[in-house]
Amino acid sequence: RKEVEQDPGPFNVPEGATVAFNCTYSNSASQSFFWYRQDCRKEPKLLMSVYSSGNEDGRFTAQLNRASQYISLLIRDSKLSDSATYLCVVSRYGGSQGNLIFGKGTKLSVKP
Amino acid sequence: SQTIHQWPATLVQPVGSPLSLECTVEGTSNPNLYWYRQAAGRGLQLLFYSVGIGQISSEVPQNLSASRPQDRQFILSSKKLLLSDSGFYLCAWGTGNSYEQYFGPGTRLTVT
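The text that follows walks through the structure, step by step, so that each part is easy to find. Computed from a prediction, not measured in an experiment: that's the story for all the values here.

Conventions used here
Residues numbered from 1 in each chain as written. Chains lettered and ligands numbered in written order. Predicted model: local features only at pLDDT ≥ 70, side-chain atom pairs only at ≥ 80, totals over all residues. Heavy atoms only, no water. Pairing = 2+ DSSP bridges. Helix = DSSP H or I, 4+ residues; strand = E, 2+ residues; numbered from the N terminus. Axes fitted to C-alpha atoms, helices over the stretch in contact; angles between N-to-C directions. Core = buried A, V, L, I, M, F, W, Y, C linked by side-chain atoms within 4.5 Å. Buried < 20%, exposed > 50% of the residue type's maximum accessible area, 1.4 Å probe, protein only. Contact = heavy atoms within 4.5 Å.

### Examining the sheet that holds strand β8 (residues 73-78) of chain B
All names here are of chain B. A sheet is described by the order of its strands in space; here four strands give the open sequence β1-β3-β8-β7, paired in antiparallel fashion. In this open sheet, the two strands that pair with only one neighbour each are β1 (3-7) and β7 (64-70). Ignoring strand direction, the axes of neighbouring strands in this sheet form an average angle of 20°. Inspection of the sheet shows β1 paired to strand β3 (residues 19-26) by five bridges, in the antiparallel sense. Each bridged residue has a counterpart across the sheet, and for Q6 the counterpart in β3 is C23.

Quick look at the structure:
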């Protein structure tokens, strides 16, 4: 099983749609979880952290299921500017503080 | 606020030539620093990380090396580049208190 696994997509959705991305991770001892956004040929940018209780930031909602080792990101009312690749990121247990494992990303394309 | 700089932005180098990429961080002290590589169609691969001046940990054996001569400076080097060294090189910083990492704009390296 890969350390962090994501559906590569692409997800092609119309403006205004709701879209959900899923991610699974292999190490049950991982402590921290994030979603990053990466635009084409740019650096990844932190979108949001993911907490056990679930958290929301505007149109974005992240959920964590530790029992299933599953993370999700929900985007409501998609905008053209949401088009990007979304990276699921998990902390590496047992490594040096701050080591992260990045999924390969799910590509989202929002069409007019 | 913190900012992270990388240069050069793009680089084309022949096989066998040396490499030096530089990363500097402003607005924070004693950051954790990281070098990643993202090859075409692949996820981010952690190459080196540093928790302090002169302290470098290598994640992947290869012909690259890293140095941290100053608190907020991180350098990635190679004596002889290989074709397989082509990719998008990203520097990131984080604190010792959390796993969040913030990326610089990256250097796109093509080895010919």
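Back to the text.
### Some details on the nonpolar core
Ranked by size, the top nonpolar core spans 24 residues in total, and within it F21, W35, I71, L73, I75, Y86 and L108 of chain A carry the most contacts. Contributions of two or more residues to this core are made by β3 (19-25), β4 (33-38), β7 (60-65), β8 (70-75), β9 (84-91) and β11 (106-111) of chain A. In this structure F21 of chain A touches F11, W35, I71, S72, L73, I75, Y86, T106 and L108 of chain A, once residues within four positions along its chain are discounted. Counting 19 residues, the second-largest nonpolar core is a separate cluster that includes L21, C91, W93 and V111 of chain B.

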